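# Architecture at a glance
Given next are the chains, with one letter for each unit.
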Amino acid sequence: MDRRKALRQTSWLAGAAITGPAILSLLQSCQSASRLDWQPTFLSNDEAEFIAAIVDTILPRTETPGALDVGVDIFIDKLWAQTSDEAGQAQVRSDIAAFDATCKQAYGSAFAKCSPEDQHKALEVAEANAGTFNPGVWGKAVGVQKPVGFYRSLKSTAIWAYITSEEIGKNVLNYDPIPGGYDGCIAVDSVGNKWSL
Amino acid sequence: MAYFNIDADKQVTYDAIVIGSGISGGWAAKELCEKGLKTLVLERGRIVQHVKDYDTMNDDPWDYELRGALTAAEQKKHHKGGRTGWGSKDTEHLWADDEANPYTEVKPFMWLRAHQMGGRSMLWGKQTYRWSDLDFEANAKDGHGVDWPIRYKDIEPWYTYVEKFAGISGAPLGLPHLPDSHFLPPMDMNCVEKDLKARIEKTFAGRHMIIGRVAHLTEPLNGRGKCQYRNRCSRGCPYGAYFSSNAVTLPAAHATGNMTIRPYSIVQSIIYDDTKGKATGVRIIDSETNEVIEYNAKIIFCNASALSSTQILLNSTSDRHPAGLGNDSGELGHNLMDHTYRVGAIGRVEGHDDSYYKGRRPNGIYIPRYVNLDEATKSDKFLRGWGYQGGAGRGGNPANETSFGASFKDNMLKPGPWEFFITGFAECLPYHSNKVSLDTTSLDKWGQPTLAIDAEWGENELAANRQIQIDAVEMLTAAGVKDVLGFDNQHEMGNGIHEMGTARMGRDPKTSVLNGTNQVHGAANVFVTDGACMTSSSCVNPSLTYMAITARAANHAVSELNKQNL
């Protein structure tokens, strides 16, 4: 599916109040064919398919765009290519391989090739086994941060990539680059989604 | 505004030289220029003009290819500074290159430097609090370090003077140990902060929770605009709403027509004339051409930042000052201080799910010191005390939710749970053993000795930290905050970015480097008025005190110059 078209369709769908099951079938139709229509820099094609499938399962398209609609998978490839050192990149590859190995053992195929039902099961298991992030203060985690594991870390990266995309940051979240003043007490209902910046 | 005077290389004699253009250097330049002195400001890095050179001031996350993350090469370039957690693309160009500017950590020490016009005044936290006699008398009372040669009454008029020009917002409280400034209207607390303030103050007599006192304009001042609540301060503010040298003092100095600012000027040493018994100028290395140039002046203000000023003094040797300029006492380089930091508590606040806020307030709350003020608040576990900074906001971390998929995504777009945190900043005692020295075996790319930093927290700071965490947990718990997590992440000095000491003021030349008006002992026409001059560290942020001390010293310098005493 062409990514740009998908985004336009999403905007059109926004008024149609499509909910769970219909969205799921939409996703399934998207995923039924191999959909890698871009050239990864760091990831292999199989690894890119894994990232695409997992971020799409975490952040699927609803009335608002999904992770794939805003290029979260492409961004993560770029991020790891440019920000990770060699050891970090090797770690990511082995983490993806380990996740897929678990899926093959449990469901008979790599995560990207699993049925949506099995993908959901795989993520439920991953959620149950993953650690959590400590709260942060001024850019750093506080307290003793235990390792959170690959899944939680990837989920966090996917969420960050999603909300800092222009489509989500400007059109879905509340974008207010120059607030002009500070009001410390407003009704949350008057805002809807959270502030973007 | 043409700051860079191309005649700078031809003209080598000035009335005054100011080394550095950060918070204190900017004030020195303004005061000296306004008093009619032809002043050369030497800046190690490039020119950053107000607004014109604020390259990232309007960027959104998606304007960066990596949304603000640093590349592996950039992380390497900031491998020391990055340990503080501050590194992102919007300000990466404003932090010094750790690879090109090495220093030795004898013990772990984060030294965050900013090598461009304005220095760290562009990047600072803008928290501004007056010190009091609780601070200026502390050394004399408990015997640590040496006595300050000044008291609150000496500096009080200068606090007022700099505050009126800098613009400080805040609310008066009337505490003797945290004197009120000359205030612009305070910023607002949000509903949760107001609620917690009431609960904490009701439960703990003698403790107050106030909105931070900050160098942000809440009303226009001298042609500068008020804060627009973008919280993009560190990139440079297009409205000039926060205090920086770039937006406030250097334009004032420039307006006099008396300032020449020379970028790319690494000060190698201050030149001392043994026969005249005073300094005659400054020797620089042009960082671009490696050319060595000497400039002459009647007075020299050393404002390179605490450790850089001391590095210059240590490197300024002569027959009269063989161990470094002003080092008769052997105290030059010693008594390095910082504030402990990242120790406190955080938790979740219930009962305010229907409330939110508008605007990104570049400020938080402050809980002034409440221990060791008098007999009634005296602790037997540690000396001196701390204040807390903190704040409430709707945050949370959706990645921690054990769910995913359609409803998870839609929930994640809504405001998260309210959280509240406080983190203490504790006073650090002046220990002789906490020191910096020149490492002549490790030269930088300009052939200059680098600095070796050998400092660590003492038992008093560790004891204070333990109590900071205990009290923080107790306050949050009593205020009804849930899932309270106490933390102590203060592992190394420098993280507070409040380096103080190493060229302390004092009453006795035998035990100090500077006198009561910041003049170097044995070189009375050299003034050091940045963090290096501090005799103790208080627990409150130091920048406002640097400003006041600098304006006071500049006034004294010109007065002495006019009397032909220098």
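Residues numbered from 1 in each chain as written. Chains lettered and ligands numbered in written order. Predicted model: local features only at pLDDT ≥ 70, side-chain atom pairs only at ≥ 80, totals over all residues. Heavy atoms only, no water.

## Remarks on the overall build of chain A
A count of helices and strands for chain A gives eight helices and three strands. Ordered by position in the sequence, the α and β elements of chain A form the string α-α-α-α-α-α-β-β-α-α-β. A separation threshold of at least 6 residues defines the contact pool for chain A, and within that pool the share at least 24 residues apart is 58%. Carbon together with sulfur atoms contributes 53% to the accessible area of chain A, which is approximately 9200 Å² in total. (Helix = DSSP H or I, 4+ residues; strand = E, 2+ residues; numbered from the N terminus. Contact = heavy atoms within 4.5 Å. Areas by Shrake-Rupley, 256 points an atom, 1.4 Å probe, with all protein chains shown as cover.)

## Points about the packing of aromatic side chains
In the structure shown here, the tally under the stated rule is 31 aromatic pairs over all chains. Taking 5.4 Å as the distance between ring centres and 65 degrees as the angle between the ring planes, the aromatic pair formed by Phe50(A) and Phe99(A) counts as edge-to-face. You can see Phe50(A) sitting in helix H3 (residues 45-58) and its partner Phe99(A) sitting in helix H5 (residues 86-107), a full 49 residues away along the chain. Taking 4.9 Å as the distance between ring centres and 50 degrees as the angle between the ring planes, the aromatic pair formed by Tyr356(B) and Tyr357(B) counts as tilted. Among the aromatic side chains, those forming a connected cluster through ring pairs are Trp27(B), Trp124(B), Trp158(B), Tyr161(B), Phe165(B) and Phe243(B). For the cation-ring pair, Lys155(A) lies above Phe408(B), with the distance from its terminal atom to the ring centre recorded as 4.5 Å. The residue whose ring lies beneath Lys126(B) is Tyr242(B), and the NZ or CZ to ring-centre distance is 4.9 Å. (Phe/Tyr/Trp six-rings, centres within 6.5 Å; stacked < 30°, edge-to-face > 60°. Lys NZ or Arg CZ within 6 Å of the ring centre and 35° of its normal.)

## A short note on empty space enclosed by the protein
Residues and elements named next belong to chain B. According to the stated counting rule, one finds five cavities of 30 Å³ or more in the structure shown. Taken as a whole, the second largest cavity spans an internal volume of roughly 110 Å³. Looking at the second largest cavity, it is lined by 14 residues, and the ones nearest its centre are His78, Gly81, Gly82, Trp95 and Leu112. (1 Å grid on protein atoms, 1.4 Å probe; cavity = no way out; pocket = protein on both sides within 12 Å on 5 of 7 lines; lining within 4 Å. Points joined across faces, edges and corners; volume = space filled by probe spheres on them.)

## Remarks on the confidence of the model for chain A
Low pLDDT means the predicted coordinates in that region are not meant to be read closely. Mean pLDDT over chain A: 85, with 82% of residues reaching 70 or higher. Contacts for the low-pLDDT stretch residues 1-33 of chain A, under 50 throughout, to residues beyond four places or in other chains number 44 contacts. (pLDDT = per-residue confidence, 0-100.)

## As for the interface of chain B and chain A
On the chain A side, the residues contacting the 64 residues of chain B number 69 residues. Buried area between chain B and chain A, summed over both chains or domains, comes out near 5600 Å², and the portion from carbon and sulfur atoms is 60%. Inspection of the chain B/chain A interface yields 33 residue pairs in polar contact (both at pLDDT 80 or more). Every element with two or more residues in the side of chain B that touches chain A is listed here: helix H2 (72-77), strand E13 (355-358), strand E15 (386-394), helix H9 (406-412), strand E16 (418-426) and strand E19 (482-488) of chain B. Examining the composition of the side of chain B that touches chain A, we find that five residues originate from one element, H9(B), more than from any other. Tallied by class, the residues present in the side of chain B that touches chain A amount to 29 nonpolar, 17 polar and 18 charged. The pairing of strand E3 (residues 183-187) of chain A with E13(B) spans three bridges and is classified as antiparallel. By the bridge assignment for E13(B), Asp183(A) is matched with Lys358(B). (Buried area = accessible area lost by both parts, 1.4 Å probe. Polar contact = N/O pair within 3.5 Å; in protein donor to acceptor, adjacent residues only side chain to side chain. Nonpolar A, V, L, I, M, F, W, Y, C, P; charged D, E, K, R; others polar. Pairing = 2+ DSSP bridges.)

## So, the pairing of strand E2 (residues 39-42) of chain B
Residues and elements named next belong to chain B. Where burial is concerned, the two faces of E2 agree: the one with Thr39 and Val41 and the one with Leu40 and Leu42 are both buried. As paired strands, strand E1 (residues 16-19) and E2 are joined by four bridges and run parallel to one another. When the sheet's bridge partners are listed, alanine 16 is paired in E2 with threonine 39. Crossover connection from E1 via helix H1 (residues 23-34) to parallel E2: handedness right-handed. As paired elements, E2 and strand E7 (residues 259-262) share four bridges and run parallel to each other. By the bridge assignment for E7, leucine 42 is matched with arginine 262. (Buried < 20%, exposed > 50% of the residue type's maximum accessible area, 1.4 Å probe, protein only. Right-handed = clockwise from strand over helix to strand, strands pointing away.)

## With respect to the sheet that holds strand E6 (residues 210-211) of chain B
All names here are of chain B. Here six strands make up an open sheet; going across it, the order is E6-E14-E15-E16-E12-E19 and the pairing antiparallel. Every other strand in the sheet has two partners, leaving E6 and E19 as the edge strands with one partner each. As defined by bridge partners, strand E12 (residues 343-349) adjoins E19 across five bridges and the pair is classed as antiparallel. Looking at E19, one finds that glycine 344 is bridged to phenylalanine 487. In this fold helix H10 (residues 459-478) packs onto E12, strand E14 (365-367), E15, E16 and E19, with an angle of close to 15 degrees to the strand it touches most, E12. (Axes fitted to C-alpha atoms, helices over the stretch in contact; angles between N-to-C directions.)

## Overview of unusual backbone geometry
Residue and element names in this part refer to chain B. With a phi angle near 65 degrees, lysine 126 is a residue other than glycine that sits in the positive phi range. If you trace the backbone, lysine 126 turns up in the loop between strand E3 (104-105) and helix H3 (133-136). In the Ramachandran plot, asparagine 290 falls in the positive-phi region, its phi being about 65 degrees despite a non-glycine side chain. Residue position: asparagine 290 is located in the loop between strand E9 (278-286) and strand E10 (292-296).

## Brief notes about helix H8 (residues 306-314) of chain B
Residue and element names in this part refer to chain B. Most of H8 sits out of view: eight of its nine residues are buried. Turning to H8, its buried residues number three or more, namely Ala306, Leu307, Ser308, Ser309, Thr310, Ile312, Leu313 and Leu314. Those residues of H8 that are buried are in contact with E1, strand E8 (265-273), strand E11 (299-302), strand E17 (435-443), strand E18 (449-454) and strand E21 (523-528).

## Observations regarding the domain arrangement of chain B
Interfaces are often sized by the accessible area lost when the parts come together. Residue and element names in this part refer to chain B. When the domains of chain B are assigned, the result is domain 1 (13-51 + 91-127 + 244-338 + 499-562) and domain 2 (172-224 + 340-426 + 457-488). Using only C-alpha atoms to locate each centre, domain 1 and domain 2 end up separated by 34 Å. In this assembly, 11 residues from domain 1 lie in contact with 21 residues from domain 2. Of the roughly 1100 Å² buried where domain 1 meets domain 2, counting both sides, 53% is carbon and sulfur surface. Its largest share of buried area at the contact with domain 2, domain 1 owes to Lys126, Gln127 and Cys539, together 53% of the area lost on that side. On the surface where domain 1 and domain 2 come into contact, there are zero salt bridges. Our count for the domain 1 to domain 2 interface comes out at three residue pairs in polar contact (both at pLDDT 80 or more). (Domains from an automatic or database assignment. Salt bridge = Lys/Arg side-chain N within 4 Å of Asp/Glu carboxyl O.)

## Looking at the pattern of salt bridges
Throughout the structure, instances matching the rule amount to 47 salt bridges over all chains. With its nearest N and O atoms 2.8 Å apart, the salt bridge here joins Glu127(A) to Lys155(A). Of this pair, Glu127(A) sits in helix H6 (residues 116-129) while Lys155(A) sits in helix H7 (residues 149-163), and the two are 28 residues apart along the sequence. By relative accessible area, which is 0% here, Lys155(A) ends up buried. As a salt-bridge pair, Arg504(B) and Glu331(B) come within 3.6 Å of each other at their nearest N and O atoms. Of this pair, Arg504(B) sits in the loop between E19 and strand E20 (519-520) while Glu331(B) is found in the loop between H8 and E12, placing the two residues 173 residues apart along the sequence. Salt bridges sharing partners connect three or more residues here, namely Glu137(B), Lys141(B), Asp147(B), Arg151(B) and Arg507(B).

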